[in-house]
Amino acid sequence: FARRLIIEGIFSGVGGVVTFFPQIMLLFLFLSFLEDSGYMARAAFIMDKFFTRLGLSGKSFIPLIIGFGCTVPAALSVRTLENERDRRLTLLLLPFMSCGAKMPVYAIFTAALFPDCGGLVIFGLYFSGIILGTIWGAVLSKTVFKGELPPFVLEMPPYRIPAIKSTLRHMLDKTKEFAQKAGTVLLASSVIIWLAQNLDFTLHITADSSQSIVGQIGQIIAPIFIPCGFGNREAAVSLLSGAAAKEAIISTMSILYGAADTAGLAAILKSIFTPVQGLAFLVFVLLYVPCIAAVTAIETELNSKKLTALFICCQLVIAWTASMLVYQTGSLIY
């Protein structure tokens, strides 16, 4: 039992995410380069005219860009906005920006289902998040967050060539945070998921997966995702574990499907998901509620439990609706 817990639970779970460290480090490297070059402030100035149409200040561009790395520091950086209305509206748009933790999910699904156009699919997901966030921001600014924008004032730092040492240090610091999450949150969630898969509610070992804790929980929530094309317990439980950390989706799938490595998981996903189902699943991952740490940071900055609860409900409805539309429309075409 202990040997299976270590090999099937810990190694398969955490190992499935560690494989994608190079892609995540590249993402953090480019973000660090933009920050150190002095371009971020100019990008905010350039985007101000466009953001004004959405009812936002150009300064909101910086937290949204940081959101592509991690939603937690992006939520904390919203404090730089002077206007409370801008702060709240920007916070509600952050989940539409794909954080680095979603990259392993995108990478493994595209490798399995879209081997010839994986890069294009991932780019489409990022771009779709931006477009949907833009639409949602315009809706909120004209309904819930009506009001006049304050004057746009921003100090422009000088352009400079980023110091390699400084940029690498920033990249390594962010990667270290990601690694710490893999060694804490992902490790804990992998152990919990494996135990829940092999124990029933009386905490006895069971060989029948349908009678396990995961099996019974999955059977309850899986029907919700039938219109989205992935109404099986493994997908449902993986999305549930993604509330702790988005990387946990892959580690949970590795455990539930019994995959030894990422190549094995990709082969299993190819046999279970059609391309349309896989795309619908990725759209749901793109849009649904961020991890617990990010939700906590957003709730702290919003300073309103009621608004946070409403934000969670809206995000889940948006994710389910978009995923359902992708699957239903794709099924008619493909």
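The residue numbering used here restarts from 1 in each chain and proceeds along that chain's sequence as written. The predicted nature of this model means local features are confined to residues of pLDDT at least 70 and side-chain atom pairs, given and counted, to a pLDDT of 80 or more, with totals for whole chains, interfaces and linings taken over all residues. Each side-chain value is worked out from all heavy atoms of the structure, with water and hydrogens disregarded.

1. Description of the overall build of the chain
Now for step 1: Numbered from the N terminus, helices here are DSSP runs of H or I no shorter than four residues, and strands are runs of E no shorter than two. Within the chain one finds 17 helices and 0 strands.
Now for step 2: Computed over the C-alpha atoms, the radius of gyration of the chain is 21 Å, within 12% of the 20 Å expected from 2.2 N^0.38 for a compact globule of 334 residues.
Now for step 3: C-alpha atoms of the chain, sized along the principal axes, occupy 65 × 45 × 40 Å.
Now for step 4: The buried label applies to any residue whose accessible area, calculated with a 1.4 Å probe on protein chains only, is under 20% of its type's maximum; exposed applies above 50%, and partly exposed to all values in between. Out of the 334 residues in the chain, the part that is buried amounts to 52%.
Now for step 5: Note on contacts: a residue pair qualifies if any of its non-hydrogen atoms lie within 4.5 Å across the two residues. Counting only contacts in the chain whose residues sit at least 6 apart along the sequence, the fraction spanning at least 24 positions is 73%.
Now for step 6: With the model as given, the accessible surface of the chain reaches about 15,700 Å², and the carbon-plus-sulfur share is 70%.
Now for step 7: The positive count covers Lys and Arg only, the negative count covers Asp and Glu only, and His and the chain ends enter neither. Charged side chains are reduced to one point each, which is NZ for Lys, CZ for Arg, CG for Asp and CD for Glu. Taking the average location of the 24 positive side-chain charges in the chain and that of its 19 negative ones, the two points are 4 Å from each other. The globule rule is 2.2 Å times the number of residues to the power 0.38, and the radius of gyration it is compared with is taken over C-alpha atoms. Each accessible area is a Shrake-Rupley result for a 1.4 Å probe, and residues are judged covered by the shown protein chains and nothing else.

2. Notes on the packing of helix 7 (residues 103-113) against helix 15 (residues 275-287)
Now for step 1: Axes here refer to lines fitted to C-alpha atoms; in helices the fit is confined to the stretch in contact. Angles between the N-to-C directions go from 0 to 180 degrees. One can describe the packing of helix 7 onto helix 15 by two numbers: an axis separation of 10 Å at closest approach and a directional angle of 170°. In this view, helix 7 runs roughly antiparallel relative to helix 15, as classed from their interaxial angle. Together, Val-105, Tyr-106, Phe-109, Thr-110 and Leu-113 of helix 7 and Pro-275, Gly-278, Phe-281, Leu-282, Val-285 and Leu-286 of helix 15 make up the contact between the two elements.
Now for step 2: Note on residue categories: nonpolar means Ala, Val, Leu, Ile, Met, Phe, Trp, Tyr, Cys or Pro, charged means Asp, Glu, Lys or Arg, and polar means any other residue, Gly included. Residues belonging to the contact of helix 7 with helix 15 are distributed by class as follows: 9 nonpolar, 2 polar and no charged. Should an angle fall under 35 degrees it is called roughly parallel, over 145 degrees roughly antiparallel, and 65 to 115 degrees roughly perpendicular, with every other angle called oblique.

3. Topic: the pattern of salt bridges
Think of it this way: side chains of opposite charge can pair up when their charged atoms draw near.
Now for step 1: Any Lys or Arg side-chain nitrogen found within 4 Å of a carboxyl oxygen on Asp or Glu counts as a salt bridge. As enumerated under the stated definition, the model contains 4 salt bridges in all.
Now for step 2: Between Arg-88 and Glu-84 there is a salt bridge, with its nearest N and O atoms 3.5 Å apart. Here Glu-84 and Arg-88 lie together in helix 6 (residues 84-93), a separation of 4 residues that amounts to about one turn.
Now for step 3: Take Arg-88: its relative accessible area is 23%, and that puts it in the partly exposed class.
Now for step 4: Residue Glu-299 is joined to Lys-305 by a salt bridge in which the shortest nitrogen-to-oxygen separation is 3.9 Å.

4. Observations concerning the packing of helix 6 against helix 8 (residues 118-142)
Each pair of packed helices gets described by two things: the angle between the helix axes and the distance between those axes.
Now for step 1: In contact at an axis separation of 10 Å, helix 6 and helix 8 are set at 145° when each is read in the N-to-C sense. Along this stretch, helix 6 crosses helix 8, giving a crossing that reads as right-handed. Contact with helix 6, carried on its side by Arg-85, Leu-89, Leu-92 and Leu-93, involves Gly-133, Trp-136, Gly-137, Leu-140 and Ser-141 of helix 8 and no other residues of that element.
Now for step 2: Class assignment for the residues of the contact of helix 6 with helix 8 results in 5 nonpolar, 3 polar and 1 charged. Crossing handedness is defined as follows: a turn of the near helix away from the far one that is anticlockwise and smaller than a right angle gives a left-handed crossing, while the clockwise case is right-handed.

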